[in-house]
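# Remarks on the overall topology
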Amino acid sequence: MQSRIIGTGACVPDDVLTNEAIERLVDTSDEWIVSRTGIRERRRTGGTEASSDLAYKAARYALRDAGVKAGEVDLVLVATTTPDMLLPSTACIVQDRLGLKNVPAFDLSAACTGFIYGLSTADAFIRSGAYGTILLIGVDTLTKFTDYGDRTTCVIFGDGAGAVVVKAIREKRGVIGSMLYADGDKWDYIYVPAGGSRIPSYAADKTTWYLRMKGHDTFKVAVRGLEQAIIGLLERYRVPIEDIDIVIPHQANVRIIEALTRKLGYPPEKVFVNIQKYGNTSAASIPIALDEAVRQGRIKSGDTVLLTAFGSGLTWGASLIKW
Ligand code: UT7
């Protein structure tokens, strides 16, 4: 059995937060943000709008695209670090909204690498024969944990969700394989101190409830990690880099993507970039980009597609797909 992505979908909130709007909040400029990150605008959830609201819509689009009825799904996987609440899982909330009964559902936490961890998990479940049709969603609403007084983080993040339907097939195509990595030693490179068991939300204050990031250190490790994941993956599956038709990287910073492309000696025009519109949407960035690439005709049947991501944990990884 192989697993194949048979449908994609995405959803971002309506509210657009431009660089000009951020200029009014902190000491920054559109010029700085564009030249240092590639971001021009991002989307932001408002009020009580939560991750499951975006996840549900992205899931509906992916199911429709796949031509699969919600009732045919036999596992719901949600990659997120910004669940609606501490418990239950956002996957259970999405499962309920889709009207699914008695179908397992769970969240998986690997921050910006969540979609790669999720795809690898879905692929393993399918290869084992445990499940046949898996709904995999990457969703994050990090703007809810962003300090709009901190210019080093507030320019980066946006909210969104992307979903795929992964189906068991008996063909030599689909997910070829994935490589996953983690380095917990660097857990404090990107983290939100409060809201868990160490500093419960009732004990949080303005110094602990927002995301903290060692941006510059993360940048350097990210380029090395992504290169390691890609080279490791291509070696394991004996695929020369020239055979890759498109790379869909996590959209964290356009300079990370450009540095990686240069190091690999890979043609930049074959790397998909949409960070200018959405910023860094964490676990949603790859499935949103994948959905756009498919819709723009950038991915055709038979193409070899490489996905790669890096994020808090630290975690990183890559997946290879024969589309
Ligand atoms: O999702 C995966 C995980 N996250 C990442 O991959 C993030 C990776 N890191 C980055 O994207 C970049 O490090 C940032 C965009 C966060 C920062 O860019 P940088 O080029 O690494 O800047 P820096 O942190 O080295 O700071 C350089 C200067 C500093 O000023 P001084 O100390 O040189 O006077 C910062 O205070 O830029 C300043 N700065 C800003 N200036 C204007 C930092 N943020 C801003 C800002 N506007 N928004």
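Here is what the cut-offs are and how they apply
Residues numbered from 1 in each chain as written. Predicted model: local features only at pLDDT ≥ 70, side-chain atom pairs only at ≥ 80, totals over all residues. Heavy atoms only, no water. Domains from an automatic or database assignment. Buried area = accessible area lost by both parts, 1.4 Å probe. Salt bridge = Lys/Arg side-chain N within 4 Å of Asp/Glu carboxyl O. Polar contact = N/O pair within 3.5 Å; in protein donor to acceptor, adjacent residues only side chain to side chain. Helix = DSSP H or I, 4+ residues; strand = E, 2+ residues; numbered from the N terminus. Near = heavy atom within 4 Å. Areas by Shrake-Rupley, 256 points an atom, 1.4 Å probe, with all protein chains shown as cover. Axes fitted to C-alpha atoms, helices over the stretch in contact; angles between N-to-C directions. Parallel < 35°, antiparallel > 145°, perpendicular 65-115°, else oblique. Left-handed = near helix turned anticlockwise from the far one by under 90°. Contact = heavy atoms within 4.5 Å. Nonpolar A, V, L, I, M, F, W, Y, C, P; charged D, E, K, R; others polar. Pairing = 2+ DSSP bridges.

### Regarding the domain arrangement of the chain
It is common to report an interface's size as the accessible area lost on association of the parts. The domains assigned to the chain are domain 1 (2-172) and domain 2 (175-322). The distance between the C-alpha centroids of domain 1 and domain 2 comes to 14 Å. Interface area, domain 1 with domain 2, both sides summed: about 3,700 Å², of which 63% is carbon and sulfur. Counting the surface domain 1 buries against domain 2, the share from its top three residues, C112, I116 and Y117, is 17%. Here domain 1 is connected to domain 2 by one salt bridge. The salt bridge partner of R295 is D65, with a shortest N-O separation of 3.7 Å. If you look at where domain 1 meets domain 2, you find 21 residue pairs in polar contact (both at pLDDT 80 or more). Ranked by residues supplied to the side of domain 1 that touches domain 2, first place goes to helix α5 (residues 114-128) with eight residues.

### Quick notes on the site of the ligand
The immediate surroundings of the ligand are formed by 23 residues, with T28, R36, N253, R255 and N280 found nearest. At 2.8 Å, a side-chain N or O of R255 approaches an oxygen atom of the ligand. For the ligand, whose free accessible area comes to 950 Å², the fraction covered by protein is 74%. For the shell around the ligand, the secondary-structure elements that each account for two or more residues are α2 (30-37), α6 (151-154), α7 (215-236) and α8 (254-264). Looking at which domains feed residues into the shell around the ligand, each of domain 1 (2-172) and domain 2 (175-322) supplies at least three.

### Some remarks on the packing of helix α3 (residues 51-66) against helix α4 (residues 90-97)
Interaxial distance between α3 and α4 falls to 9 Å at its minimum, and their mutual angle equals 50 degrees. The angle between α3 and α4 falls in the class oblique. Crossing of α3 over α4 shows right-handed handedness. In this structure, α3 contributes S52, D53, A55 and Y56 to the contact, and α4 contributes T90, I93, V94 and R97. Here the residues of the contact of α3 with α4 sort into four nonpolar, two polar and two charged.

### Some remarks on the sheet that holds strand β11 (residues 246-249)
The mixed open sheet is built from four strands, whose spatial order is β8-β13-β12-β11. Edge positions in the sheet fall to β8 (174-182) and β11, since each has one partner strand and no second. The mean angle between the axes of side-by-side strands here comes to 15 degrees, regardless of whether they run parallel or antiparallel. Pairing geometry for β11 and strand β12 (residues 304-311), over four bridges, is parallel. Pairing of I248 across the sheet is with L307, part of β12. Across the sheet, helix α10 (residues 285-295) touches β11 and β12, and the angle it forms with β11 is around 145 degrees.

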